[in-house]
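An overview of the molecular structure
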Amino acid sequence: MFKFIIEEARNILEKDPAAKNLFEAIFCYPSLKAVLYHRWAHKLYNKKRYTLSRIISQRARRKTGIEIHPGAKIGRNLFIDHGMGVVIGETAEVGDNVTMYHGVTLGGIGGEPNTKRHPTVEDNVMIGTGAKILGPITIGRGAKIGANAVVLKDVPPYTTVVGIPAKVVKTNRDDYLMYVI
Ligand SMILES: CC(C)(COP(=O)(O)OP(=O)(O)OC[C@H]1O[C@@H](n2cnc3c(N)ncnc32)[C@H](O)[C@@H]1OP(=O)(O)O)[C@@H](O)C(=O)NCCC(=O)NCCS
């Protein structure tokens, strides 16, 4: 647990130029608190202790403004800068090293219970403030989602999308080629 906290705090220090030291990263960032609560809630969810896991995730929401459903799968080094107003749905999957800002939603658009209703976000994705990513779509590795974009379709790896509905504005060819070769 201690190792996990240090690793996540180092990740915050690396990603946020405003973070000045490890102490600040551990105690002043809602992201780390939310991720710790989520680890606890997710373990209980996997043991089918659904109500208790929801109580924990709602406590995290009150404390951080970040609501991560206990069923969501979250990778390592997730950094949610500022935190407030973030919602991550039950069947969302978030890879490693993902950065998101306040006001991001990884949401559903209806669908049957016990089916995949929320997005999958692959490793190294950046999701700008206020972006809404809706439905069981995939945001490819290394993609960038512009602030306030509404994303309704899959985003290819190493691609930047912006706007409502989100459209491709850039592909980082070098990173993409390194990935496919
Ligand atoms: C999308 C983003 C990653 C693009 O960065 P980039 O790769 O450097 O791309 P550019 O700035 O060259 O933008 C490419 C085009 O998209 C447009 N664009 C960029 N961000 C946009 C946005 N959020 N919404 C709409 N259009 C946007 C640019 O105007 C530019 O259009 P043009 O080619 O017609 O001039 C960045 O603009 C962004 O939104 N980052 C989010 C950061 C954030 O949320 N910060 C919060 C800190 S508290």
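Structural data are supplied above this passage.
Residues numbered from 1 in each chain as written. Predicted model: local features only at pLDDT ≥ 70, side-chain atom pairs only at ≥ 80, totals over all residues. Heavy atoms only, no water.

Across its full length, the chain carries five helices and 15 strands. Taking 2.2 N^0.38 as the reference for a compact globule, 181 residues should give roughly 16 Å; the C-alpha atoms of the chain span a radius of gyration of 16 Å, in line with that estimate. Along the first, second and third principal axes, the C-alpha set of the chain runs to 45 × 40 × 30 Å. Counting all 181 residues of the chain, 46% fall into the buried class. When contacts within the chain are restricted to residue pairs at least 6 apart in sequence, long-range pairs at least 24 apart make up 31% of them. Of the roughly 9,900 Å² of accessible surface on the chain, 57% is carried by carbon and sulfur atoms. The positive charge centre, built from 26 side chains, and the negative charge centre, built from 16, are 6 Å apart in the chain. (Helix = DSSP H or I, 4+ residues; strand = E, 2+ residues; numbered from the N terminus. Rg over C-alpha atoms; globule rule 2.2 N^0.38 Å. Buried < 20%, exposed > 50% of the residue type's maximum accessible area, 1.4 Å probe, protein only. Contact = heavy atoms within 4.5 Å. Areas by Shrake-Rupley, 256 points an atom, 1.4 Å probe, with all protein chains shown as cover. Lys, Arg positive; Asp, Glu negative; His and termini not counted. Charge placed at Lys NZ, Arg CZ, Asp CG, Glu CD.)

Once that is clear, we can look at the nonpolar core. Ranked by internal contacts, the top residues of the largest apolar core, which has 29 residues, are Met-100, Leu-106, Ile-127, Ile-139, Ile-145 and Val-151. At the level of elements, α3 (30-46), β1 (66-68) and β4 (86-88) are the ones that each hand at least two residues to this core. Sequence-distant contacts of Leu-106, defined by excluding residues within four places in its chain, comprise Val-87, Ile-88, Gly-89, Ala-92, Val-94, Met-100, His-118, Pro-119, Val-121, Ile-127 and Ile-133. (Core = buried A, V, L, I, M, F, W, Y, C linked by side-chain atoms within 4.5 Å.)

As a further point, take the site of the ligand. Neighbouring the ligand are 13 residues, the closest being Gly-128, Thr-129, Gly-146, Ala-147 and Lys-170. Taking Ala-147, its main chain carries an N or O atom lying 2.9 Å from an oxygen atom of the ligand. Lys-170 places a polar side-chain atom, nitrogen or oxygen, 3.1 Å from an oxygen atom of the ligand. Within the complex, the protein chains bury 46% of what would otherwise be the 920 Å² of accessible surface of the ligand. Elements with a contribution of two residues or more to the shell around the ligand: β14 (159-162) and β15 (167-171). Looking at the shell around the ligand residue by residue, the classes come out as five nonpolar, six polar and two charged. (Near = heavy atom within 4 Å. Polar contact = N/O pair within 3.5 Å; in protein donor to acceptor, adjacent residues only side chain to side chain. Nonpolar A, V, L, I, M, F, W, Y, C, P; charged D, E, K, R; others polar.)

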